[in-house]
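# Structural overview
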Amino acid sequence: MSLITLSPEVAEAKKNGTPIVALESTIITHGMPYPQNLEVARQVENDIREKGAVPATMAVINGTLHAGLTDEQLEALAQAKDVAKVSRADMAVIMAQGRTGATTVAATMIAAHLAGISVFATGGIGGVHKGAEESFDISADLTELGHTPVTVVAAGAKAILDVPKTLEVLETNGVPVIAYGQDSFPAFWSAQSDLTAPLRMDDAAAIAAAHKMRGAMGLPGGQLVANPIPAADEIPAEDLAPVIAQATREAEEQGVTGKGVTPFLLQRIFELTEGRSLVANIALVRNNARLAADIAAALVA
């Protein structure tokens, strides 16, 4: 049996050698309400098409893993209830049970690799949570980047995380962390941070060449391309710091743990910034999609 079903658009792109960019689906099912989630998903897909590439939104639908969704499937997913949030640990179980699941960064990387897609655009990766030295709460995204040969374009790690520890774990896993066009490691909603990125590259062709070189050397794992949010769309780090601190304190006081931490924090930050965080999030995802399309085009050039 085939493990993955390609949409007609993705199948045609693979046949013709057209560049393809993978997209996750948790932003649709767990990131924002309907119909805004559908509007943003279509917008991001069209950003990729306008760059001459083809979008491949990943999702598990009734047990079948899909690389690329038709517009009807996208609309159905945007309205679906009780959608699982799948990662490496539970992806096979959700598929075996015939359930529907939205893909996280780790699961999207797995799906992209199965479909022969080398570039993936997302918002921000997961990472090491604050207090992980006691909770051991570390995202599977980091180990996936060490395993699976997909170049991931993100606006850094989510700013709610312990970003210095996240960078340390990425280094331990042998993941190249490449800041795009700047020396600072971007801080998700903010373009700059006080952390220097391990590597810097200034054009898509160089990133594509590094991806190919890793493959030629037989190195496992992917690359993380940290693409700063456009300055016009960012929330300055100094504005966000007290907001993140307050949201984190409230999560601790309410005993929020495990998979519940990130959604709780993102929702509280949305409320405390009066929606600015979501506007910035949409802008950075679209910006990442455009860069990923350029990298995908360079890979097939």
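Here's a quick rundown of the structure. (Residues numbered from 1 in each chain as written. Predicted model: local features only at pLDDT ≥ 70, side-chain atom pairs only at ≥ 80, totals over all residues. Heavy atoms only, no water.)

Attention now moves to the layout of surface pockets. Considering only enclosed or pocket space, the largest pocket measures out at about 1000 Å³ in volume. Taken together, 38 residues line the largest pocket, and the ones lying closest to its centre are K85, K158, T262, P263 and L266. Of all the secondary-structure elements, those providing two or more residues to the lining of the largest pocket are α2 (26-29), α8 (140-147), α12 (261-272) and α13 (276-300). The biggest single contributor to the lining of the largest pocket is α12, with five residues. Classifying every residue of the lining of the largest pocket gives 15 nonpolar, 17 polar and six charged. (1 Å grid on protein atoms, 1.4 Å probe; cavity = no way out; pocket = protein on both sides within 12 Å on 5 of 7 lines; lining within 4 Å. Points joined across faces, edges and corners; volume = space filled by probe spheres on them. Helix = DSSP H or I, 4+ residues; strand = E, 2+ residues; numbered from the N terminus. Nonpolar A, V, L, I, M, F, W, Y, C, P; charged D, E, K, R; others polar.)

Using the criterion set out here, one finds one cavity of 30 Å³ or more in the structure. In this structure, the largest cavity encloses a volume near 140 Å³. Lining of the largest cavity is provided by 15 residues; of these, L23, E24, I27, V44 and V285 occupy positions nearest its centre. At the level of secondary structure, the elements contributing two or more residues to the lining of the largest cavity comprise α2 and α3 (36-50). Element by element, the count of residues in the lining of the largest cavity is highest for α3, at five residues. Taken together, the residues that form the lining of the largest cavity break down as nine nonpolar, four polar and two charged.

A few words on the pairing of strand β4 (residues 64-67). Bridge count for strand β1 (residues 4-6) against β4 is three bridges, and the pairing is parallel. If you follow I4 over to β4, its bridge partner there is L65. Turn length for the strand β3 (residues 54-61)-β4 hairpin, with the two strands adjacent in sequence and antiparallel, is two residues, and the turn residue N62 shows positive phi of about 50°. (Pairing = 2+ DSSP bridges.)

Okay, the packing of helix α11 (residues 237-253) against α12 next. Look at α11 against α12: their axes get within 9 Å of each other, and the N-to-C directions meet at 130°. Taken together, the axes of α11 and α12 are oblique relative to one another. Crossing geometry of α11 relative to α12 is assigned as right-handed. Residues L240, V243, I244, Q246, A247, T248, E250 and A251 of α11 touch α12, and the partners they reach there are F264, L265, R268, I269 and L272. (Axes fitted to C-alpha atoms, helices over the stretch in contact; angles between N-to-C directions. Parallel < 35°, antiparallel > 145°, perpendicular 65-115°, else oblique. Left-handed = near helix turned anticlockwise from the far one by under 90°. Contact = heavy atoms within 4.5 Å.)

Turning our attention to the pairing of strand β2 (residues 20-23). Side chains of β2 alternate between two faces, with I20 and A22 and V21 and L23 buried alike. Inspection of the sheet shows β2 paired to β3 by four bridges, in the parallel sense. The residue bridging I20 from the neighbouring strand is V54, located in β3. Pairing geometry for β2 and strand β7 (residues 119-121), over two bridges, is parallel. Residue pairing across strands places L23 opposite A121, the latter belonging to β7. (Buried < 20%, exposed > 50% of the residue type's maximum accessible area, 1.4 Å probe, protein only.)

Here we take up the packing of aromatic side chains. Inspection of every chain in the model, using the stated rule, returns one aromatic pair. Relative to W189, the ring of F188 has its centre 4.8 Å away and its plane inclined at 65°; by these criteria the two rings are edge-to-face. On the basis of relative accessibility, which here comes to 2%, the residue F188 falls in the buried class. (Phe/Tyr/Trp six-rings, centres within 6.5 Å; stacked < 30°, edge-to-face > 60°.)

Side chains that differ in sign of charge can pair as their charged atoms come close. The full count for this structure, using the stated rule, is 14 salt bridges. A salt bridge links R88 to E144; its shortest N-O distance comes to 2.6 Å. Here R88, found in the loop between β5 (84-86) and α5 (91-96), pairs with E144, found in helix α8; they are 56 residues apart in sequence, far enough to count as distant. You can call E144 buried: its relative accessible area is 0%. Linking R200 and D183 is a salt bridge whose minimum nitrogen-to-oxygen distance equals 3.3 Å. Of this pair, R200 sits in strand β10 (residues 199-201) while D183 sits in the loop between β9 (177-180) and β10; the two residues are 17 residues apart in sequence, bridging distant segments of the chain. Assessed through its relative accessible area of 40%, R200 is described here as partly exposed. One network of salt bridges, with partners in common, ties together E9, E45 and R49. (Salt bridge = Lys/Arg side-chain N within 4 Å of Asp/Glu carboxyl O.)

In this section: the nonpolar core. Counting 88 residues, the largest nonpolar core has I125, L170, W189, L224 and I295 as its most contacted members. Counting residues per element, this core draws most heavily on α13, at 12 residues. Not counting chain neighbours up to four residues away, the residues in contact with L224 comprise I125, L145, V152, A154, L170, V175, P176, V177, I178 and F185. The next biggest cluster of nonpolar side chains, apart from the first, holds nine residues, and it includes A59, I61, L74 and A78. (Core = buried A, V, L, I, M, F, W, Y, C linked by side-chain atoms within 4.5 Å.)

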